[in-house]
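# Summary of the model geometry
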Amino acid sequence: MHCPFCRHTDSRVIDSRTADDGTAMRRRRQCPECNRRFTTIETASLAVVKRSGATEPFSRNKVLVGVRKACQGRPVSEDALARLAQRVEEAIRAQGSAEIDVHEVGLAILGPLRELDEVAYLRFASVYQGFDSLEDFESAIALLRAEQEPTGQEPDPAGLGAPPVRGGTTTS
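## With respect to the overall build of the chain
- Helix and strand counts for the chain come out as five helices and six strands.
- Helices (α) and strands (β) of the chain occur, in sequence order from the N terminus, as β-β-β-β-β-α-α-β-α-α-α.
- Looking at the chain as a whole, 27% of its 172 residues qualify as buried.
- Considering only intrachain contacts with a sequence separation of at least 6, the fraction spanning at least 24 residues in the chain is 42%.
- Here the chain has roughly 11,900 Å² of accessible surface; of this, 50% comes from carbon and sulfur atoms.

## Focus: the nonpolar core
- In terms of nonpolar packing, the biggest core is built from 30 residues, with Val63, Val67, Ile92, Val105, Ile109 and Leu113 touching the most fellow members.
- Counting only elements with at least two residues in this core, the list comes to helix H1 (60–70), helix H2 (78–94), helix H3 (102–116), helix H4 (118–128) and helix H5 (134–148).
- Aside from chain neighbours lying at most four places away, what touches leucine 113 is Val67, Ala70, Cys71, Leu84, Ala120, Tyr121 and Phe124.

## Some words on the side chain of glutamine 30
- Along the chain, glutamine 30 turns up in strand S2 (residues 24–30).
- When its relative accessible area of 14% is taken as the criterion, glutamine 30 is described as buried.
- Of note is the side chain of glutamine 30, whose polar atom sits 3.3 Å from the backbone oxygen of asparagine 35.
- Beyond its immediate chain neighbours, meaning those up to four positions away, glutamine 30 contacts Ser11, Arg12, Ile14, Asn35, Arg36 and Arg37.

## Things to note about the sheet that holds strand S1 (residues 12–19)
- Pairing in this open sheet of three strands is antiparallel, and the strands run S1-S2-S3 from one edge to the other. Edge strands, defined here as strands with exactly one partner in the open sheet, are S1 and strand S3 (37–43). Pairwise comparison of adjacent strand axes, ignoring direction, gives a mean angle of 25° for this sheet.
- Bridge count for S2 against S3 is seven bridges, and the pairing is antiparallel. If you follow glutamine 30 over to S3, its bridge partner there is arginine 37.

Each value, and the rule that gives it
- Along each chain, numbering runs from 1 in the same order as the chain's sequence is written.
- With the structure being a predicted model, the display of local features is reserved for residues of pLDDT at least 70 and the display and counting of side-chain atom pairs for 80 or more, all residues being used for whole-chain, interface and lining totals.
- The side-chain values count all of the structure's non-hydrogen atoms but skip hydrogen atoms and water molecules.
- Strands are runs of DSSP state E lasting at least 2 residues, helices are runs of H or I lasting at least 4, and numbering of each runs from the N terminus.
- Only protein chains enter the area calculation, which uses a 1.4 Å probe; residues under 20% of their type maximum are buried, those over 50% are exposed, and those in between are partly exposed.
- Contacts: residue pairs with any heavy atoms within 4.5 Å of one another.
- The Shrake-Rupley method, run with a 1.4 Å probe sphere, supplies the accessible areas, and residue values consider only the shown protein chains as cover.
- In these notes, a set of buried Ala, Val, Leu, Ile, Met, Phe, Trp, Tyr and Cys residues joined through side-chain atoms within 4.5 Å is what counts as a nonpolar core.
- As used in this structure description, the phrase polar contact means that two N or O atoms lie within 3.5 Å; if the pair is within protein, one of them must be able to donate a hydrogen and the other to accept it, and residues adjacent in sequence are counted only when both atoms belong to side chains.
- Should DSSP find at least two bridges between two strands, the strands are regarded as paired.
- An axis is simply a line fitted to the C-alpha atoms; with a helix, the fit covers only the stretch in contact. Between two such axes, the angle follows the N-to-C directions and lies from 0 to 180 degrees.

Now the structure itself:
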């Protein structure tokens, strides 16, 4: 690491700490030539291969922007969006590859977004998966409904999530 002050070709690490939720390393360094101190941030590089074949560094901010558009007008907090973007980045980094296809990024977004807000999920999926017709939306909604229904039970028509109360009076 070159010293930013005197351009000496070496530096000594004085202190190391994790940063950015453990995805980066913050290092305090000292130049042996001029004795000045400076800080570096180290991250593992992760490149996204776009549809055109071009690569660009992964950006958690780009994930946030895309998900924020899908959540526009929905009751979703900025904190929830930030946690979602962090989950997406962690899932992608867990794959252990230095390059990842943009399609994989979209797939990594769909699961957590679906848990966060189903309407936002449908909005994002309609763009990401290229819905062309009402049938595409209908099949996605049918899939969401089918996965919500507990197996072996009748659907709750009131949407309250509690079993219906049967019988008459109770005694004290």
